[in-house]
Amino acid sequence: NKAMLIGRALPDDVQQQIRGIISGTPGIEGVLELLSLRLAPDQVLVVATVDLADMRTTGSAIEQLAERVDTDVRREFPIVRHLYLDPTPGDLAQS
């Protein structure tokens, strides 16, 4: 199955669903970029550049937010083995 090939991204519809879960998390304004990479038939890496609702959020608040996102995404998509968030102000990502 072509969708299961290592090194490929998740299908667009799945990426959109993951983007929706992340952007729907309280504390996140939006997902600026989402990348996925199949590491193995049953393992996917997801990296999301996110705009936080309040860029002054730091430390443990970001850790709790990242844990919430990780839990929510994995609940819907257990194949996501690694999920990394890159907090980036939306105005900086546009330049």
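Rules of the game
- Residues numbered from 1 in each chain as written.
- Predicted model: local features only at pLDDT ≥ 70, side-chain atom pairs only at ≥ 80, totals over all residues.
- Heavy atoms only, no water.
- Helix = DSSP H or I, 4+ residues; strand = E, 2+ residues; numbered from the N terminus.
- Buried < 20%, exposed > 50% of the residue type's maximum accessible area, 1.4 Å probe, protein only.
- Areas by Shrake-Rupley, 256 points an atom, 1.4 Å probe, with all protein chains shown as cover.
- Salt bridge = Lys/Arg side-chain N within 4 Å of Asp/Glu carboxyl O.

Bringing the overall build of the protein into the picture now. Within the protein, the regular secondary structure consists of three helices and three strands. Secondary structure of the protein in N-to-C order comes out as α-β-β-α-β-α. Counting over 95 residues, the protein shows a buried share of 31%. Counting only carbon and sulfur atoms, one obtains 51% of the accessible surface of the protein, whose full area is about 5800 Å².

As enumerated under the stated definition, the model contains two salt bridges in all. When the shortest N-O distance is used, the salt bridge between Arg74 and Asp70 registers 3.2 Å. Taken together, the residues span about one helical turn, with Arg74 and Asp70 both in helix H2 (residues 60-76) at a distance of four residues. Owing to a relative accessible area of 34%, Arg74 belongs among the partly exposed residues under this scheme. One salt bridge connects Arg75 with Asp72, and the closest N-O pair in it is separated by 3.2 Å.

Scope: geometric values only; no functional claims are made or implied.
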